[in-house]
Amino acid sequence: MSATDVTLLSAAAAARAVQRGELSPAELFQAYRAAAAADELNAYLWVADEAQAPEAPAGAPLGGVPLAVKDLFCTAGVPSQAGSRILEGYRPPYTASVVARLAAAGAPLLGKTNQDEFAMGSSNENSAFGPVLNPWDRTRVPGGSSGGSAAAVAAGSAPWALGTDTGGSIRQPAALCGIVGLKPTYGTVSRYGMIAFASSLDQAGPLTRDVTDAALLLAHMVGQDERDSTSIGFPGEIALPRSDSLAGIRLGVPEELSGAGVGIEPGVLDAFGATLKLAESLGATVETCRLPHAPHALSAYYVLAPAEASSNLARYDGVRYGARVEDGGLVGMYTQTRSAGFGPEVKRRIMLGTYSLSSGYYDAYYGRAQRVRTKIAEDFASAFERFDFVVTPTSPSVAFELGAKTADPLSMYLNDYCTVPMSLAGIPAISIPNGLSAGLPTGFQLCGPAFSENRVLEAAFALEQAIGFDAAGARSDGG
Amino acid sequence: MDYEPVIGLEVHAQLLTQAKIFCGCSAKFGGVPNHHTCPVCLGMPGVLPVLNKKVVEYAMKMALAANCRINGECSFARKNYFYPDLPKGYQISQYDEPLCRGGHLGDVRIHRVHLEEDAAKLVHAGASGRIHGSDASVVDFNRGGTPLAEIVTEPDVRSAAQAREWLTLLRTTLRRLGVSDVNMEEGSLRCDANISIRPVGSTELGTKTELKNMNSFRFIERGINAEVARQEALLRDGGQVVQETLHFDPRTEAITSLRSKEEAHDYRYFPEPDLVPVATSVEMLAAARDAMPELPAAREERLQALGISAADARQLAWRTELGDYFEAALASGNSRVGVQSLANWVCNELVARVGEDDPNASKVRPDALAGLVALVAAKAVTVGNAKLVLDRLVAEGGDPAQIVEAEDLGAIAGGDDALEPIVDAALAANADAAEKIRAGNMKAIGAIIGHVMRETKGRADGAEVTRLVRSKLGL
């Protein structure tokens, strides 16, 4: 096989080829290494060099298929900067549990991918290291915050990638780049070694070319980790999906997240509607459901996530690692270091979070937002009494032009409108490519109750087969 | 107008677990700076805390000892503030769901006990030794993340002396539990005092000040006294106490303001999302209760019931090793030993000789001391000579009866014919004293007794000598 042929294989197919002895893992690694090194989308902040090609363990289930990893996962001796100037050049002394777990299963580190600074953003324009370009149209954003991971997988320079999702940071860029993105149930994947944005929401997940790859990668990500007290692992195993039917499956379509007048682009709504029809043709029933508190999810999210972030980001103080700007005294050093090190969006959220946790405001903001969060989880729980899954468009729009929303944070925040409720509820949600609108990918989101990953993957797989999405558009442009 | 102080104490006790509270690093004091560290206790990006279960176990023992109500579930919170000794920019502590509330130790009620991590140690280079005016500061993270239990009392303390006494009880209790080595010099016990004063008879609380981080019981007593005096002078001059945090300098006795109420931190507490709530099970409680040793307060009561004086009972109960020594001596089986006289010998004579050291590590075996006290009770050796025997036991150990025998220190028995001629000789040699005694001045008998003691090398019984003198002088 030629180097290009090799990179055309899905990750699962490449792993099978290695296991059958048809493909050498070294050859596979070099092909991707070369592709990543030649990346023109600014998707990578670091790429392994040729000498770093690791030996995949013999018979490893992931077959030595290399993995692109979002910058915010700590990787020993390799820059892990969370897309921030304040961690420029920082090389951690240890490796994140999930990265180590995947390496042990035969997915060696290919490169570190660009992202919005500290995972705060929906366009990847908040990276201190420049924006990532959307492989479908290089004048447009790839989504965020896992924009580098999504663009790399879509463009074919990585077979699969690791991202994190706090309010949509895996699903939204997956949708905008025409790939699969899965946010697992909170607690199934260890957070140890993930540079934190909002601890109670952050969850690692796969960004892949298809649903099968997502299942295969996730199968080796889940598991309890004694280093993460909030990790609970996954009951049973993640299986590779094989169903081509949705017979008997009840899909709930929430008015609040997909109705007319909630601000979803017509083209995105059309594609969503078409897939609902397809679902019915596969045997599913489609009915409207209610998530009455979902319209408040974004407001609650933008209180809770910045509150946790304001505390999580306090450690970047110039004392022990990362950037330091001296200014004579201690307070001056803190101020100068953090002023120079953080970008505007990060500063905005630190301010928001600091304010909402302040004495006298806590109950009105943080306390109330927590109550909304509980209500949203209850909404989903009652929806799942009637429905197997709740489905929505992933993102209200297709990929937008670079710079289109940078001056308006609120319109940028609306990108997460359909993805934030699932994050607050801690439930698994997948985005699969759902056809094109004006030549750009749209995403179809499907979520289920906690730990329903296997059923979510089965349903997503059946839809994927029926949709028959053509991802070639991401590889043709400038390829 | 007379004022009374109203004092509440906040004590931080470092728990003596092997590992830190949220990582596996050694919690041992000292060590090469920054060697007891890992990514977790250095607050590296991406790390997460994992609660050391031993810390909960130790704190539960402490709470049970202070008769606290242990909550079925407790949780951690983040206390946010910037300081170089705080690597994450927040301290993991407990806020609205502490390990326990309520309780009492001795005569002071406990408000709450909660768990938290210690900050690292800052070392300031420069003449002042404090951060103000230092040339540079360096951080030793060995201490960062060691487990602390913070014990907050109700404002039940009414004097500096009572504060010191209660802290002594607390220290002994913690030491007895084996949950803290309560060493103030090494910082494993630290104390802040909230101090206000009010007119005697009033039940309202005055404005309080907080006196920070006093690192010895003596300083605490002096610090509180100095602050109470400052507040009294202020009120008597028509001034008002301002709520503020104060620092007491034990060298100069000066009290300086660290920060006013307006400058107080807003710690922005919120639930720690990286940890799950801790459920304290019935089994955990039962295990902690079963492992509970007899505590100083209970021991004090039991010893008093044996007939030991209040002062000696407290000393024996509050100095665990001294109490253990005493009980070993008592149990050595010499039925002629009076409980109180044995207590006297342990609390006074032995303590005078071994000081603060553990008497169990001395050369005086508990049964040897009991034997010596029995010899005194049987009048086989005088009190004065028994002290010489004790000196010998302290220096060399051995058996008291053998020492008495070998050194010829045995008492000359009361009816012994040997004593009469010596008394006669003493009266003859001290004719002046004899006259004075005859004239009713019994003080003069000292010279006679002294003479006899010299002649007998202290073996004579003082009371017997007195009896003989009186009879010979016809009194």
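All chains use their own residue numbering, which begins from 1 and follows the written sequence. Labels follow written order: the first chain is A, the first ligand is 1, and so on. Whole-chain, interface and lining totals are the exception, using all residues; otherwise, since this is a predicted model, local features are given only for residues with pLDDT of at least 70 and side-chain atom pairs are given and counted only at 80 or more. Only hydrogens and water are removed before side-chain values are computed, so all heavy atoms of the structure are retained for them.

A. Region of the structure containing the overall build of chain B. A helix here means a DSSP run of H or I that spans at least four residues, while a strand means a run of E at least two residues long, and both kinds are numbered starting from the N terminus. Within chain B, the regular secondary structure consists of 15 helices and 17 strands. For a compact globule the rule gives 2.2 Å times the number of residues to the power 0.38, and the radius of gyration it is set against comes from C-alpha atoms. Radius of gyration (C-alpha) of chain B: 30 Å, far over the 23 Å computed for a compact globule of 475 residues. Each of the three principal axes of chain B carries a C-alpha extent, and together these read 90 × 55 × 45 Å. The 475 residues of chain B split such that 49% are buried. Of the roughly 21500 Å² of accessible surface on chain B, 51% is carried by carbon and sulfur atoms. All tallies of charge rest on Lys and Arg as positive and Asp and Glu as negative; His and the ends of each chain are not included. Taken as the charge centre is NZ of Lys, CZ of Arg, CG of Asp or CD of Glu, depending on the residue. Distance between charge centroids for chain B: 1 Å, based on 53 positive and 65 negative side chains. When a residue's accessible area, from a 1.4 Å probe over protein chains only, is under 20% of the maximum for its type it is buried; when over 50% it is exposed; and in between it is partly exposed. Using a 1.4 Å probe, accessible areas were evaluated by the Shrake-Rupley method; residue-level cover was limited to the displayed protein chains.

B. Layout of the interface of chain B and chain A. Contacts are assigned to residue pairs with any non-hydrogen atoms lying within 4.5 Å of each other. With 30 residues of chain B at the contact, the number on the chain A side is 38 residues. For the pair chain B and chain A, the two sides together bury roughly 2700 Å², of which 60% comes from carbon and sulfur. Reported buried area values correspond to the accessible surface (1.4 Å probe) lost by two parts on association, with both partners' losses combined. In terms of surface lost to chain A, no three residues of chain B exceed P45, F82 and R268 of chain B, which account for 24% of the buried area on that side. By definition here, a salt bridge exists when the distance from a side-chain nitrogen of Lys or Arg to a carboxyl oxygen of Asp or Glu is within 4 Å. Joining chain B to chain A, the criterion identifies one salt bridge. With a shortest N-O distance of 3.1 Å, R191 of chain A and D274 of chain B are connected by a salt bridge. By the criterion applied in these results, polar contacts are pairs of N or O atoms within 3.5 Å in which, for protein atoms, one can donate a hydrogen and the other can accept it, and in which residues neighboring in sequence qualify only through two side-chain atoms. Our count for the chain B to chain A interface comes out at 18 residue pairs in polar contact (both at pLDDT 80 or more). Put simply, the parts of the chain that give the side of chain B that touches chain A at least two residues each are strand 4 (77-80) and strand 16 (270-271) of chain B. When the residues that make up the side of chain B that touches chain A are grouped by side-chain class, the tally is 21 nonpolar, four polar and five charged. Lys, Arg, Asp and Glu make up the charged group, whereas Ala, Val, Leu, Ile, Met, Phe, Trp, Tyr, Cys and Pro make up the nonpolar group; the residues left over, Gly among them, are polar.

C. Representation of helix 2 (residues 160-177) of chain B within the structure. One fewer than the residue count of a helix, multiplied by 1.5 Å, yields its expected span. Helix length check: helix 2 of chain B, at 18 residues, gives a terminal C-alpha distance of 26 Å against a target of 26 Å (1.5 Å per residue), a fit within 8%. Downstream of helix 2 of chain B by a residue or two, G178 of chain B has a phi angle that is positive, lying close to 70°.

D. Region of interest: the side chain of H451 of chain B. Its place among the elements puts H451 of chain B in helix 14 (residues 445-456). Contacts of H451 of chain B, omitting those with residues within four sequence positions, involve A426, A429 and N430 of chain B.

E. Structural detail: the pattern of salt bridges. Overall, the coordinates contain 52 salt bridges over all chains when judged by the stated rule. R324 of chain A is the partner of E326 of chain A in a salt bridge, and the nearest nitrogen-oxygen pair spans 3.1 Å. With relative accessibility at 55%, the residue E326 of chain A sits in the exposed group. The class for R324 of chain A is partly exposed, based on a relative accessible area of 43%. Salt-bridge contacts for R348 of chain A lead to E345 of chain A; the nearest nitrogen and oxygen are separated by 2.3 Å. Residue R348 of chain A and its partner E345 of chain A are located together in helix 12 (residues 344-357), separated by three residues, close to a single helical turn. What emerges from the salt-bridge pattern is a single network uniting R191 and D228 of chain A together with R78, E272 and D274 of chain B.

F. Layout of helix 7 (residues 211-219) of chain A. Residues and elements named next belong to chain A. Counting buried residues in helix 7 gives eight out of nine residues, a clear majority hidden from the surface. Where helix 7 is concerned, the buried positions are V211, T212, D213, A214, A215, L216, L217 and L218. At the N-terminal end of helix 7, a side-chain oxygen is found 3.2 Å from the backbone nitrogen of T212, two or three residues along, and the residue is D210.

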